[in-house]
Amino acid sequence: MSAPQPRPGILEIRPYVGGESHLPGHDRVIKLASNESALGPSPRAVAAYRATAATMHRYPDGDALELRQALGARYGLDPARIVCGAGSDELIHFLCRAYAGEGDEVLYTRHGFAIFPIAAQACGARPVAAAERDLTASVDELLACVTPRTKLLFLANPNNPTGTYIPADEVKRLRAGLREDILLVLDSAYAEFVGANDYTAGIELVDAGVNTVMTRTFSKIYAMGGVRLGWAYCPAPVADVLNRVRGPFNVSSAALAAGKAALEDTGFAALARRHNDYWRPWLAAELAKIGIPTTPSVANFVLARFPTTPGSDAAAANAFLKSHGIIVRAMGGYHLPDCLRITVGTGDENQALVAALTEFQAKANAQASAKAAP
Ligand SMILES: Cc1ncc(COP(=O)(O)O)c(C=O)c1O
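What counts, and where the lines are drawn
Residues numbered from 1 in each chain as written. Predicted model: local features only at pLDDT ≥ 70, side-chain atom pairs only at ≥ 80, totals over all residues. Heavy atoms only, no water. Buried < 20%, exposed > 50% of the residue type's maximum accessible area, 1.4 Å probe, protein only. Helix = DSSP H or I, 4+ residues; strand = E, 2+ residues; numbered from the N terminus. Pairing = 2+ DSSP bridges. 1 Å grid on protein atoms, 1.4 Å probe; cavity = no way out; pocket = protein on both sides within 12 Å on 5 of 7 lines; lining within 4 Å. Points joined across faces, edges and corners; volume = space filled by probe spheres on them. Nonpolar A, V, L, I, M, F, W, Y, C, P; charged D, E, K, R; others polar. Axes fitted to C-alpha atoms, helices over the stretch in contact; angles between N-to-C directions. Parallel < 35°, antiparallel > 145°, perpendicular 65-115°, else oblique. Left-handed = near helix turned anticlockwise from the far one by under 90°. Contact = heavy atoms within 4.5 Å. Near = heavy atom within 4 Å. Polar contact = N/O pair within 3.5 Å; in protein donor to acceptor, adjacent residues only side chain to side chain. Areas by Shrake-Rupley, 256 points an atom, 1.4 Å probe, with all protein chains shown as cover. Sits in = over half its atoms within 2 Å of the grid points. Phe/Tyr/Trp six-rings, centres within 6.5 Å; stacked < 30°, edge-to-face > 60°.

Q: How should the pairing of strand E10 (residues 230-233) be read in this particular structure?
A: In the case of a regular strand, side chains alternate between the two sheet surfaces. Where burial is concerned, the two faces of E10 agree: the one with Gly230 and Ala232 and the one with Trp231 and Tyr233 are both buried. One ladder, built from four bridges, connects strand E2 (residues 82-85) with E10; its direction is antiparallel. For Ile82, the partnering residue across the bridge sits in E10 and is Tyr233. Here strand E9 (residues 212-217) pairs with E10 via four bridges, running antiparallel. Looking across to E10, one finds that Met214 is bridged to Tyr233.

Below you can see the structure in the form of structure tokens.
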């Protein structure tokens with residue numbers, strides 16, 4: 001019996017595995033697995049979301065006009081060159097669908113965001129991963145991977161799950177080193193958290209030509225991951241292409257309303273930023289004190305590295321945390337099996353995480369000493 005078959009390559013996609021939310025036997029869990037904002041959404045965004053309920057029989061504004069105007073005003077951008085999506089994930093898929101296909105290559109970094117290879121494979125293209133240096137994107141390695149088949153390059157800056165970034169002059173060097181017909185997509189999902197003054201989210205690079213796009217999300221500092229809202233700032237021809245491939249009503253009324261309110265609540269976003277500015281370095285410092293190094297993250301999470309010794313390794317630490325009701329993200333799928341990614345939580349959550357890992361380290365060290373004893 002023959003059954004319908006997907007296009008070649010589709011069944012080679014390794015489905016995205018999201019962070020867990022529940023642990024058997026735990027009524028309440030501490031979830032530090034999905035880089036969600038510790039403070040939750042702005043109350044003004046929640047109110048705006050609720051206010052759309054009574055008109056849910058109406059289709060949303062398919063042009064997302066008010067939100068694009070608000071984004072344009074906030075960042076000094078031409079609203080006509082902003083395209084909204086159901087999360088920036090959707091925009092990443094649209095870009096692949098529109099600019100790559102069978103026989104093409106889509107470049108990204110070895111530990112780059114997992115949706116990049118999935119979106120490439122979904123449109124029949126081949127994902128090509130460039131080596132990194134010190135868990136950081138390398139412009140030289142990326143440029144060395146370019147072939148005549150390269151159509152798109154995705155750079156998450158800062159990257160998830162490493163948390164590292166490359167400075168503006170390096171992003172500029174990357175663009176300058178790429179052929180003009182290669183579309184460079186700067187995924188700046190965590191831009192609002194970055195304090196480094198040599199950082200760029202990419203706006204000036206988009207404005208400088210016709211071949212660079214910046215994607216952004218409301219899922220991180222604006223804490224609206226459940227609503228699905230992202231946007232892309234594009235050269236005019238790319239915005240035109242995205243508007244042709246997207247669904248006419250791809251963003252819901254609730255997302256549009258909540259997004260606009262979240263954007264207007266600048267005080268709340270500033271609070272989330274200050275929270276992260278305090279707790280991310282605190283987490284990194286406390287983990288270092290107990291012998292767990294982390295990458296120099298500029299986002300709202302840290303990537304913690306464990307030894308490979310059984311009992312002291314990332315898998316054992318993860319199991320221990322789960323037994324204490326704490327969910328972080330295992331990194332096997334990112335080729336980082338010795339690491340755990342830990343999202344910055346509330347103050348209490350961060351303290352509980354450090355207390356649990358301190359206990360774990362003490363146990364692991366005691367076990368190691370017992371084994372080493374003659
Ligand atoms: C680097 C990066 N890009 C994009 C996204 C997707 O964001 P969205 O929720 O807008 O689809 C994430 C989410 O984790 C991310 O880490």
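So much for the structure itself; the text now carries on.
Q: Where do I start with empty space enclosed by the protein in this structure?
A: If you roll a probe as big as a water molecule over the atoms, it shows you where there is empty space left. Summed over all chains, the structure comprises two cavities of 30 Å³ or more. Empty space within the largest cavity amounts to approximately 60 Å³. Lining of the largest cavity is provided by Glu36, Ser37, Ala38, Leu39, Phe193, Ala272, His275, Asn276, Asn300 and Val344. For the lining of the largest cavity, the residue count by class is five nonpolar, four polar and one charged. Of the volumes computed, that of the second largest cavity is approximately 30 Å³. Ser42, Ile221, Tyr222, Ala262, Asp265, Phe268 and Ala269 together form the lining of the second largest cavity. Its residues assigned to classes, the lining of the second largest cavity comprises five nonpolar, one polar and one charged.

Q: Sorry, what's going on with the sheet that holds strand E8 (residues 183-187) here?
A: Sheet strands line up and pair through hydrogen bonds in the backbone, either parallel or antiparallel. The seven strands lie next to each other as E2-E10-E9-E8-E7-E3-E4, forming an open sheet whose pairing is mixed. Strands at the two margins of the open sheet, each flanked by one partner only, are E2 and strand E4 (126-130). The sheet shows a mean angle of 20° between the axes of neighbouring strands, direction not considered. In terms of strand pairing, E8 meets E9 through four bridges, oriented parallel. When the bridges of E9 are listed, Val185 appears paired with Val213.

Q: Even after reading the chapter, I still don't get the packing of helix H2 (residues 65-75) against helix H9 (residues 253-264), so can you show me in this structure?
A: When two helices pack together, their arrangement is captured by the angle between the axes and the distance separating the axes. Viewed as axis vectors pointing N to C, H2 and H9 meet at an angle of 20°, and their least axial separation amounts to 9 Å. Relative to H9, the element H2 lies roughly parallel. Seen from above, H2 lies across H9 with left-handed handedness. Judged by residue contacts, Glu66, Leu67, Ala70, Leu71 and Arg74 of H2 engage Leu256, Gly259, Lys260 and Leu263 from H9. Along the lines of polarity and charge, the residues of the contact of H2 with H9 split into five nonpolar, one polar and three charged.

Q: Got a minute to help me understand the site of the ligand in this structure?
A: Close to the ligand lie 13 residues, the nearest being Ser88, Asp187, Tyr190, Thr217 and Ser219. Interatomic distance of 2.7 Å between a backbone N/O atom of Ser88 and an oxygen atom of the ligand. Starting from 390 Å² of accessible surface for the ligand in isolation, the protein chains cover 94%. According to the grid-proximity analysis, the pocket containing the ligand is the second largest pocket. Here the shell around the ligand is composed, by residue class, of four nonpolar, five polar and four charged.

Q: What am I meant to see in the packing of aromatic side chains here?
A: Aromatic ring pairs are described here by two measures, namely the spacing of the ring centres and the angle between the planes. The full count for this structure, using the stated rule, is 12 aromatic pairs. Ring geometry for Tyr165 and Tyr199: centres 6.0 Å apart, planes at 75°, overall edge-to-face. Of this pair, Tyr165 sits in the loop between strand E7 (150-156) and helix H6 (168-177) while Tyr199 sits in the loop between E8 and helix H7 (203-207), and the two are 34 residues apart along the sequence. Accessibility classification places Tyr165 together with Tyr199 in one group, the buried group. Ring geometry for Tyr278 and Trp279: centres 4.9 Å apart, planes at 85°, overall edge-to-face.

Q: Can you help me understand the sheet that holds strand E11 (residues 301-305) in this one?
A: Across the sheet, three strands lie side by side as E11-E14-E13; this open sheet has antiparallel pairing. In this open sheet, the two strands that pair with only one neighbour each are E11 and strand E13 (329-330). As paired strands, E13 and strand E14 (residues 339-343) are joined by two bridges and run antiparallel to one another. The residue bridging Ala330 from the neighbouring strand is Leu340, located in E14. Sitting on the sheet, helix H11 (residues 314-323) is in contact with E13 and E14, with an inclination near 40° to E14.

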